[in-house]
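# Topology and contacts: notes
Chain by chain, the residues run as shown.
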There are 2 protein chains.
Amino acid sequence: MAPRGALPQAVADGDRPLALIAGGGKLPAAIAEALRRRGRPVFVVAIEEEADRDFAAYPHMRASIGAVARIRQALLDNGCTEIMMAGTFRRPRFSDIELDLGTLRLALSAILRLRFGGDDAVVSSVARIVEGEGFRIVGPDEVVPEMVASEGPHGRLHPSRQARDDIECGIAAIMRMAPLDIGQAVVVHDRRIVAVEAAEGTTAMIERCAALRKSGRINAPAPSGVLVKLPKAGQELRIEMPVVGSETVRAAARAGLAGIAVEAGGVLLADREDMCRIAEAAGLFVFGFRPSRQRLP
Amino acid sequence: MAPRGALPQAVADGDRPLALIAGGGKLPAAIAEALRRRGRPVFVVAIEEEADRDFAAYPHMRASIGAVARIRQALLDNGCTEIMMAGTFRRPRFSDIELDLGTLRLALSAILRLRFGGDDAVVSSVARIVEGEGFRIVGPDEVVPEMVASEGPHGRLHPSRQARDDIECGIAAIMRMAPLDIGQAVVVHDRRIVAVEAAEGTTAMIERCAALRKSGRINAPAPSGVLVKLPKAGQELRIEMPVVGSETVRAAARAGLAGIAVEAGGVLLADREDMCRIAEAAGLFVFGFRPSRQRLP
């Protein structure tokens with residue numbers, strides 16, 4: 001609960017509805033549910049062609065990602081001052097942006113910023129636009145900290161010494177690739193990087209490893225190999241914290257991996273309980289390693 | 001033709017059969033055919049469970065990759081002093097290596113070297129073992145230079161200015177990833193790296209891009225995007241020169257790419273004529289860029 005201001009009529013931000021900008025996948029619904037359990041009101045903005053879950057149980061609206069002026073007005077009408085984005089978003093086509101007078105200025109500045117950047121640039125631009133409009137962007141660690149990876153094993157299984165070597169190797173690789181705006185996740189077998197995630201997403205990358213093992217291109221016996229996932233250096237964690245969940249664990253089990261390692265405080269667990277239960281049943285560890293980016297160049 | 005020695009009875013290496021260690025795919029057969037056109041005799045060692053073409057037209061043997069002593073004797077019996085490896089090889093399981101007395105020493109030293117390395121380490125170990133036995137490893141540029149990419153456009157189509165930007169971006173990315181022993185190839189769209197090759201191979205990576213475009217994760221209209229492929233820094237080009245061919249071009253066309261860029265002198269063209277014809281018909285450029293690694297850190 002946020003501290004209350006001195007004036008009795010002032011409503012603290014933490015009591016106002018959190019505006020949840022919902023993209024694709026089940027994460028937005030999981031966050032809405034976590035907020036409900038915490039007693040925090042929510043106003044869902046389900047983004048057209050992205051959000052694919054039912055938000056009928058919450059105050060909500062549907063809007064195109066480009067309908068900046070309309071979303072802004074709805075947030076004001078609902079008393080929202082804090083915004084959180086969750087779920088998957090495709091890179092908007094510029095032609096999707098509704099160029100009314102209110103959005104023209106925003107859209108032009110965003111276009112200029114986006115023109116030469118990668119995904120990180122898209123995300124930071126969204127953040128700058130939203131904050132320029134007087135809203136505050138909040139991250140999962142602030143409003144649903146129980147959904148963020150903690151340090152150490154998540155469940156009873158621990159990484160072996162070999163798996164710890166693979167984890168270190170994966171962390172070093174992702175940090176090296178950070179300037180390239182790729183490689184939020186890698187799969188490492190015996191200190192060899194066998195898959196790098198770029199635009200395809202983590203699950204698709206893990207599924208590729210299952211195929212690589214089947215074809216003999218990965219010929220270590222299962223279980224072996226680790227999925228390592230952490231935010232890129234400079235990634236805007238309030239907006240785009242990397243996510244793993246039971247879907248990730250199931251894919252990792254199918255690929256014969258030994259486990260999943262994520263940065264504590266830097267990766268969102270979409271469905272922590274389900275995920276840990278499934279991982280334990282499949283014999284996979286889920287391990288939160290201590291953030292080490294500040295120690296590295 | 002190699003220069004002849006002063007003694008008339010001496011046989012120059014270039015007149016002796018080239019020992020072609022043939023792995024998977026059509027490349028070994030294409031090289032054998034190119035050698036035949038040049039009048040160079042060849043002795044093919046078709047590796048069990050790898051070589052999948054018919055080498056009945058050439059003097060040949062079949063052998064497991066681990067049958068080091070047997071292969072060595074066959075090369076001596078056939079008067080081979082030069083060896084070339086071509087085609088795809090899976091990482092051998094140590095249990096596949098025939099541990100007779102002759103190979104035990106070689107195998108142990110290879111195992112020690114391989115234990116912590118990536119693919120580059122495997123390849124260099126093979127090279128060191130072979131050369132330790134008194135043979136000389138030759139590369140494609142030495143015996144079939146017409147199969148190596150040259151500088152400039154291969155055909156009538158040239159990269160656009162945007163494609164040249166993507167090519168530069170891809171080269172920089174691959175060089176940055178070199179210490180990770182991954183990323184011989186990337187696909188770049190509008191200066192964004194959308195796919196990185198690790199263990200899956202170039203064609204599989206390109207096919208992923210077709211799927212990414214279909215799903216909207218790449219939303220630039222086709223044709224756009226470039227496959228960039230070059231050797232990793234320090235890669236042993238005599239043994240493992242990266243390859244593109246008509247299969248690569250067909251995959252790139254299906255993925256809606258604008259073209260393919262390869263390092264001149266550093267990438268083997270498995271079937272140059274077919275490849276260029278198919279690329280032109282599909283509207284793709286194939287461009288050989290000047291090696292620039294010496295100018296970069």
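Below: a short report on this structure. (Residues numbered from 1 in each chain as written. Chains lettered and ligands numbered in written order. Predicted model: local features only at pLDDT ≥ 70, side-chain atom pairs only at ≥ 80, totals over all residues. Heavy atoms only, no water.)

As a further point, take the overall build of chain A. The secondary structure content of chain A amounts to 10 helices and 13 strands. Out of the 297 residues belonging to chain A, those deemed buried represent 53%. Partitioning the contacts of chain A with sequence separation of at least 6, the portion at a separation of at least 24 is 73%. Summed over all atoms, the accessible surface of chain A reaches about 13,500 Å², with 53% contributed by carbon and sulfur. (Helix = DSSP H or I, 4+ residues; strand = E, 2+ residues; numbered from the N terminus. Buried < 20%, exposed > 50% of the residue type's maximum accessible area, 1.4 Å probe, protein only. Contact = heavy atoms within 4.5 Å. Areas by Shrake-Rupley, 256 points an atom, 1.4 Å probe, with all protein chains shown as cover.)

With that settled, consider the nonpolar core. Met 177 and Ile 193 of chain A together with Met 177 and Ile 193 of chain B are the most contacted members of the largest nonpolar core, which totals 46 residues. Residues contacting Met 177 of chain A, with those up to four places away along its chain left out, are Ile 182, Gly 183, Val 186 and Val 196 of chain A together with Met 177, Leu 180 and Ile 182 of chain B. (Core = buried A, V, L, I, M, F, W, Y, C linked by side-chain atoms within 4.5 Å.)

Another aspect to go through is the sheet that holds strand E11 (residues 259-263) of chain A. Residue and element names in this part refer to chain A. Spatial ordering of the open sheet is given by E6-E13-E11-E9-E7-E8, a layout of 6 strands whose pairing is mixed. Pairing within the sheet leaves two strands with one partner each, and these edge strands are strand E6 (152-153) and strand E8 (192-196). Summarising the sheet, strand E7 (residues 185-189) and E8 pair through 4 bridges and their orientation is antiparallel. Of the residues in E8, the one forming a bridge with Val 187 is Ala 195. On top of the sheet, helix H7 (residues 202-215) reaches E7, E8 and strand E9 (226-229); it is set at about 125° to E8, its chief contact. (Pairing = 2+ DSSP bridges. Axes fitted to C-alpha atoms, helices over the stretch in contact; angles between N-to-C directions.)

A separate point is the side chain of Asp 271 of chain B. Residues and elements named next belong to chain B. Mapped onto the elements of the fold, Asp 271 is located in the loop between strand E12 (268-269) and helix H10 (272-282). On the basis of relative accessibility, which here comes to 13%, the residue Asp 271 falls in the buried class. Polar side-chain contacts of Asp 271 include one of 3.2 Å to the side chain of Lys 26. (Polar contact = N/O pair within 3.5 Å; in protein donor to acceptor, adjacent residues only side chain to side chain.)

The subject of this paragraph is the pattern of salt bridges. Throughout the structure, instances matching the rule amount to 34 salt bridges over all chains. Note that Arg 208 of chain B and Glu 200 of chain A form a salt bridge whose closest N and O atoms lie 3.6 Å from each other. In this pair, Arg 208 of chain B is assigned in helix H7 (residues 202-215) and Glu 200 of chain A in the loop between E8 and H7, connecting two distinct chains. We classify Glu 200 of chain A as buried; its relative accessible area is 7%. Each of Arg 40, Glu 82, Arg 136 and Glu 142 of chain A takes part in a single network of salt bridges with overlapping partners. (Salt bridge = Lys/Arg side-chain N within 4 Å of Asp/Glu carboxyl O.)

Once rolled over the atoms, a probe with the size of a water molecule shows which space is left empty. All names here are of chain A. Within the structure shown, the criterion is met by 1 cavity of 30 Å³ or more. Estimated volume of the largest cavity: approximately 30 Å³. Lining the largest cavity are His 154, Gly 155, Arg 156, Leu 157, Cys 276, Ala 279, Glu 280, Leu 284, Phe 285 and Val 286. The greatest single-element share of the lining of the largest cavity, amounting to 3 residues, is contributed by helix H10 (residues 272-282). Across the lining of the largest cavity, the residue classes break down as 6 nonpolar, 2 polar and 2 charged. (1 Å grid on protein atoms, 1.4 Å probe; cavity = no way out; pocket = protein on both sides within 12 Å on 5 of 7 lines; lining within 4 Å. Points joined across faces, edges and corners; volume = space filled by probe spheres on them. Nonpolar A, V, L, I, M, F, W, Y, C, P; charged D, E, K, R; others polar.)

Between two packed helices, what matters for the description is the angle formed by their axes and the separation of those axes. Residue and element names in this part refer to chain B. The contact between helix H9 (residues 246-254) and H10 brings their axes to 8 Å, and the two run at 15°. Taken together, the axes of H9 and H10 lie roughly parallel to each other. Between H9 and H10 lies a crossing whose hand is right-handed. Judged by residue contacts, Ser 246, Val 249, Arg 250 and Ala 253 of H9 engage Asp 274, Met 275, Ile 278, Ala 279 and Ala 282 from H10. Of the residues belonging to the contact of H9 with H10, the class tally is 6 nonpolar, 1 polar and 2 charged. (Parallel < 35°, antiparallel > 145°, perpendicular 65-115°, else oblique. Left-handed = near helix turned anticlockwise from the far one by under 90°.)

The next thing to look at is the sheet that holds strand E5 (residues 136-137) of chain B. The strands that make up a sheet are held in pairs by hydrogen bonds between backbone atoms, and each pair lies either parallel or antiparallel. All names here are of chain B. Overall, parallel pairing links the 5 strands, which are arranged E3-E2-E1-E4-E5 in an open sheet. If you trace the sheet from one side to the other, it starts and ends with strand E3 (60-63) and E5, each paired once. Pairing geometry for strand E2 (residues 42-47) and E3, over 4 bridges, is parallel. Bridge pairing links Ile 47 to Ala 63 in E3. Of the strands in this sheet, strand E1 (18-22), E2 and strand E4 (82-86) touch helix H1 (residues 27-37), which is tilted by about 165° from E1. The strands touched by helix H2 (residues 68-77) are E1, E2, E3 and E4; relative to E3, the strand with the most contacts, the crossing angle is about 170°.

So, about unusual backbone geometry. For the bond from Ala 222 of chain A to Pro 223 of chain A, the omega torsion is -5°, close enough to zero to count as cis. Position of Pro 223 of chain A relative to the elements: it lies in the loop between H7 and E9. Positive phi is not limited to glycine here, since Glu 49 of chain B has a value of about 65°. Mapped onto the elements, Glu 49 of chain B comes out in the loop between E2 and E3. Exposure remark for Glu 49 of chain B: the relative accessible area of 66% places this residue in the exposed category. Unlike most non-glycine residues, Arg 191 of chain B shows phi in positive territory, near 65°. Assessed through its relative accessible area of 34%, Arg 191 of chain B is described here as partly exposed.

By themselves, these are just geometric observations and shouldn't be taken as functional.
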